[in-house]
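A closer look at the structure
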Amino acid sequence: MTDNIPLQPVRHKKRHDNKHRNGCCPWSRCCGLGDFRPRTVWLGHPEKREQRYPRNVINNQKYNFFTFLPGVLFNQFKYFFNLYFLLLACSQFVNELRLGALYTYWVPLGFVLIITIVREAVEEMRCFLRDKEVNSQIYSKLSTRGTVKVKSSGIQVGDLIIVEKNQRVPADMIFLRTSERNGSCFLRTDQLDGETDWKLRLPVACTQRLPTAADLLQIRAYVYAEEPNIDIHNFIGTFTREDGDPPVNESLSIENTLWASTVIASGTVVGVVVYTGKELRSVMNTSNPRHKIGLFDLEVNCLTKILFGALVVVSLVMVALQHFAGRWYLQIFRFLLLFSNIVPISLRVNLDMGKMVFSWMIRKDSKIPGTVVRASTIPEQLGRISYLLTDKTGTLTQNEMVFRRLHLGTVAYGMDSMDEVQSHVFSAYTQPSHDLPTSRAPAATKVRKTISSRVHEAVKAIALVHNVTPVYEANGVTDQAEAEQHYEDTCRVYQASSPDEVSLVQWTESVGLTLVGRDQSSMQLRTPSGQILNFTILQIFPFTYESKRMGIIVRDESSGEITFYMKGADVVMAGIVQYNDWLEEECGNMAREGLRVLVVAKKSLTEEQYQDFEARYVQAKLSVHDRSLKVATVIESLEMEMELLCLTGVEDQLQADVRPTLEILRNAGIKVWMLTGDKLETATCTAKNAHLVTRNQDIHVFRSVTTRGEAHLELNAFRRKHDCALVISGDSLEVCLKFYEYEFMELACQCPAVVCCRCAPTQKAQIVRLLQERTGKLTCAVGDGGNDVSMIQEADCGVGVEGKEGKQASLAADFSVTQFKHLGRLLMVHGRNSYKRSAALSQFVIHRSLCISTMQAVFSSVFYFASVPLYQGFLIIGYSTIYTMFPVFSLVLDKDVKSEVAMLYPELYKDLLKGRPLSFKTFLIWVLISIYQGSIIMYGALLLFESEFVHIVAISFTSLILTELLMVALTVQTWHWLMIVAELLSLACYIASLVFLHEFIDVYFIATLSFVWKVTAITLVSCLPLYILKYLRRRFSPPSYSKLTS
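Residues numbered from 1 in each chain as written. Predicted model: local features only at pLDDT ≥ 70, side-chain atom pairs only at ≥ 80, totals over all residues. Heavy atoms only, no water.

1. Some details on helix 26 (residues 822-862)
Between its first and last C-alpha, helix 26 extends 59 Å over 41 residues, near the 60 Å set by a 1.5 Å rise per residue. Bending of helix 26 peaks at approximately 30° at the position of G831. Judged by how many residues are buried, helix 26 sits mostly within the fold: 37 of 41 residues are covered. A positive phi of about 60° marks Y864, the residue just after helix 26. (Helix = DSSP H or I, 4+ residues; strand = E, 2+ residues; numbered from the N terminus. Expected span 1.5 Å × (residues − 1). Bend = angle between axes of the 7 residues up to and from the residue. Buried < 20%, exposed > 50% of the residue type's maximum accessible area, 1.4 Å probe, protein only.)

2. Section: the packing of aromatic side chains
Within a pair of aromatic rings, the relevant descriptors are the distance that separates the centres and the angle that separates the planes. Taken as a whole and assessed by the stated rule, the structure comprises 24 aromatic pairs. What links up through ring pairs into an aromatic cluster is the set F541, F564, Y610, F613 and Y617. Above the ring of F1036, the side-chain terminus of R1035 is found at 6.0 Å from the ring centroid. (Phe/Tyr/Trp six-rings, centres within 6.5 Å; stacked < 30°, edge-to-face > 60°. Lys NZ or Arg CZ within 6 Å of the ring centre and 35° of its normal.)

3. Here we look at the confidence of the model for the chain
Confidence along the chain averages 85 in pLDDT terms, with 91% of residues attaining 70 or more. Below a pLDDT of 50 lies the segment residues 1-33, which in the model reaches 68 contacts outside its immediate sequence neighbourhood of four places, other chains included. (pLDDT = per-residue confidence, 0-100. Contact = heavy atoms within 4.5 Å.)

4. Quick notes on the packing of helix 22 (residues 730-750) against helix 23 (residues 761-775)
Helix-helix packing is described using two parameters, namely the angle between the two axes and the distance between the axes. Across the interface, helix 22 lies against helix 23 with an axial gap of 11 Å and an inter-helix angle of 25°. On the basis of the axis angle, helix 22 is roughly parallel to helix 23. Along this stretch, helix 22 crosses helix 23, giving a crossing that reads as right-handed. On helix 23, the residues that touch G730, L733, E734, L737, E741, Y742, M745 and C749 of helix 22 are Q763, Q766, I767, L770, L771, R774 and T775. Here the contact of helix 22 with helix 23 is built from residues that sort into eight nonpolar, four polar and three charged. (Axes fitted to C-alpha atoms, helices over the stretch in contact; angles between N-to-C directions. Parallel < 35°, antiparallel > 145°, perpendicular 65-115°, else oblique. Left-handed = near helix turned anticlockwise from the far one by under 90°. Nonpolar A, V, L, I, M, F, W, Y, C, P; charged D, E, K, R; others polar.)

5. Some thoughts on a nonpolar patch on the surface
Together, L966, L1020, L1024, Y1027, I1028, Y1031, L1032 and F1036 line one region of the surface with nonpolar side chains, adding up to about 810 Å² of accessible area. Top contributing element to the nonpolar patch by residue count: helix 35 (residues 1009-1036), with seven residues. Residue classification places L1032 among the partly exposed residues on the basis of a relative accessible area of 39%. (Patch = residues over 30% accessible without salt bridge, like charges linked within 9 Å, V, L, I, M, F, W, Y side chains within 5 Å. Areas by Shrake-Rupley, 256 points an atom, 1.4 Å probe, with all protein chains shown as cover. Salt bridge = Lys/Arg side-chain N within 4 Å of Asp/Glu carboxyl O.)

6. So, the sheet that holds strand 1 (residues 39-42)
Spatially, 1-8-9-10 is the arrangement adopted by the four strands of the open sheet, whose pairing is antiparallel. The sheet terminates laterally at strand 1 and strand 10 (248-252), the two strands that pair on one side only. In this sheet, neighbouring strand axes are inclined to one another by 20° on average, regardless of whether the strands run parallel or antiparallel. Judged from the five bridges that link them, strand 8 (residues 221-225) and strand 9 (residues 237-241) form a sheet pairing that is antiparallel. (Pairing = 2+ DSSP bridges.)

7. Things to note about the sheet that holds strand 12 (residues 263-264)
In spatial order, the strands read 7-6-12; together these three strands make up an open sheet with antiparallel pairing. The two strands at the open ends of the sheet, each matched to only one other strand, are strand 7 (198-201) and strand 12. The pairing of strand 6 (residues 185-188) with strand 7 spans four bridges and is antiparallel. Paired with C185 across the two strands is R201, which belongs to strand 7.

8. Regarding the pattern of salt bridges
Scanning the entire structure with this criterion turns up 31 salt bridges. As a salt-bridge pair, R492 and E509 come within 3.2 Å of each other at their nearest N and O atoms. One end of the pair, R492, is in strand 19 (residues 492-495); the other, E509, is in helix 14 (residues 499-510), and 17 residues separate them in sequence. Accessibility expressed as a relative area gives 9% for R492, which makes it buried. Beyond isolated ion pairs, a larger network of salt bridges with shared partners links K392, D500, R596 and D652.

9. What to know about the UniProt feature "active site" (unreviewed entry) in the chain
Residues annotated in UniProt with the feature "active site" (unreviewed entry) correspond here to D391. What D391 contacts, discounting residues up to four positions off in sequence, is L396, L675, T676, K764, V782, G783, D784, D788 and M791. Only 3.4 Å separates the side chain of D391 from the side chain of T395, close enough to count as a polar contact. (UniProt positions renumbered as here; feature names shortened; annotations may be inferred. Polar contact = N/O pair within 3.5 Å; in protein donor to acceptor, adjacent residues only side chain to side chain.)

10. Quick word on the packing of helix 8 (residues 295-321) against helix 9 (residues 328-338)
Contact geometry of helix 8 with helix 9 gives a least axis separation of 9 Å together with a crossing angle of 135°. Between helix 8 and helix 9, the angle is such that the two are oblique. Between helix 8 and helix 9 lies a crossing whose hand is right-handed. Each of L311, V312, S315, L316, M318 and V319 in helix 8 lies in contact with helix 9, whose residues at this interface are W328, Q331, I332, F335 and L336.

11. Quick look at unusual backbone geometry
One non-glycine residue, S261, lies in positive phi territory at about 80°. Residue placement: S261 occurs in the loop between strand 11 (257-258) and strand 12. The class of S261 is buried, set by a relative accessible area of 7%. Positive phi, normally seen in glycine, also occurs at D657, with a value near 60°. Counting through the fold element by element, D657 comes out in the loop between strand 26 (643-654) and helix 19 (658-667). A relative accessible area of 43% places D657 in the partly exposed class.

Structure, rendered in structure tokens:
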């Protein structure tokens, strides 16, 4: 297996090291958790530890009990926006600066903070409960008192832990014993490295030989383990038993490890814990969750800074027009407070409440059931995604292999013709060729016989060349021993390091040739007639990523024939098999269908040939220098002129509707990158099968590079390709980013699709980070396994898919879906709506505040630049709350097109990527509208009032409320019944409250006809021109969505 040492770009190295050296906690050095050091771990004696080790707890929380309140308040007041209102509220304690009652400033600010604190507290509590569930899982521990139960969080370095089949490994352990008879076990590591292949693990030989597991506590033994590090593919350590005679020393490697987050796939195992908590390989490969701040929030923050600048300018102009008379510096502060409405405090409350509504809508959408929103602060981010980075296994695919095609060169068998294969196999074992008199057999029968024998040979080869082991389990009716003895079909399950292998063996069983038994030296097949064929395994040459093939030499016990079978990728097998004219073409055809192709071949050996080979092979394995090279040379001497038997095509089934979903995303202008820990060939197959790479696109497979010169040449070769998808391995990517980071990212970003295979978890996160830095665009990461957590947390939007690989990714994500296809609706409908609604809401709240500030400016300038408030007390609080809050907030229910139209025309999403709904242009338009309406209302009220100042307040305030309600009606594109209720309720609240507002408004004047016509006239002049402009724009320059709805 190639080493995936996670790369770090040169400039990040220092930062990354520090993070892992010091852990997450700044006090870790004081707690004895400072530098990582090698350790000696005594079996079953955690008390003999030589240093303090971290507790074995999973913690995904952002805060703890003590840091929660300071942390939340810091995250709120680091915004310029909220800090400004805090200073504003504090200024009211100074008598010279006080403009009105304290509650007019402190109540809105307190309301904002309480909503934020409650929301964060709820999310932290959910996170705490999820972590508690994982930390409370129960395991068995060997102790002097026998087997005791222990929680995952209570496991310590040195504990002897028993892990059952299909149970998660709770900590990094050294494998000591297994219940399996063959003395090994299989591990599922897809949570850790994304690879679907099961890994074979071997126990320490000395401890496996002990009579019982309890004897582990009777021996004096210890494990020496290297310091904790990030590399999941390597381990260096030793096992020492002191009370042996002589003392036993064994070297330990990756084959003897059971890393946390992996799952035991066979038997029951016992291991000794060597790393816990923050020192786990899986935790060190997971970056700390960062507090995500949406791009929309940053844009709103920027607009509020502009508004603050306008506030300062207006205040200075007012004081300048007074010729800086008297205590002008106090006047500046008073004007700053007077015009403080220019920066609206209700903006943050409205947006936060809007986000909660959008999150609720996502959760309640019946078309994407089971969707969970874990980060309710960033739903509008989903509306502006430019790059989608997805895992492969379990996200795009189901991780279920299905046999699809058997090709013999002249004839091919698909799923619909497997019964023919079955009859050929049946006839091969029930009607031997010598039973049929040759004279009576016509020519057609001879042809059929040759086809029949070729099919039989191919099926037999597929049934023998693999590393699959059949295992028998009790099923309630039959016990294990009996099932094993009689090869009971209902009790048999297949175990292998790859799902491909299992699918091939299951297929041979379906056509009549069943693998019923296997150990280290023999294999048993059962024919359709029930006869058992025995084969002795003479040699096995396992699959490696370098050789891309596996071989086996077997002896048929009945005939004594020795046969060398081999299967592998077409690129290597083409040079090994005898010349033929169809291999390359058919492999290409099957690969285009998205099938994983394997070429199967055989070679018959005489006894002398095999003895000669074995002698040379044993000699090569004993050599000290260049052992692997010499062994490979000896094997290659056999791999010549082999007889090509067949091609097999296996499909990793895609998740439901992956192809249409990817097409929707592509049409929406989103570029999709696939980052997987799987093999290059597999990743390329899936990319074609899922139509991530379209049929008319070329694929450039980036050659494996190790030096700067090679990377330079390969990048130049890639530069010459146009509209071409890129496939690159993690090792080559590391080299390119080390020397040519800018050039590589520039080229990759131009590709319609990118596939990165053999990616380590930290590498996935680094690619996300580089995309953000280089393009400045928003990224979304989608995954389903523990190896995707870093990528999900690094991306602007993290989406977890709840799948077979557990819930680790979905728990760490901002949004959790049950299927990949739900992503289309999540982005096209909810993302688009959330962004457009947030933009409309923020602009309306700014418009509402600028209107009243413009009126205050006109009022002050008319009355000799006096720093006197136009509206006081309840009027100013009521304006932005009960009088206008409901209609303005009801814009969160508005939508420009129906959800079906948004899904049908994903091109509508592309418009949002330019950020037009909230840009400086739209902001300026709303500012001009506010200044126009505020000026019209105020000058109109001043022109039309007759005798008393109270009449100005009554006319202008009523016109202002009506203008706001009409402007909401003007903005709405699709009416919802709640919007109508909000408009009527606000109007009713205002009319009802006039009875109590006699200190600000003359109640008798309101009842006169003079008041009614003046208010009507002012309101019409402020709104009618905007209605006309809107109509003309819709008529002559309609937006894209209106063309679809009309």
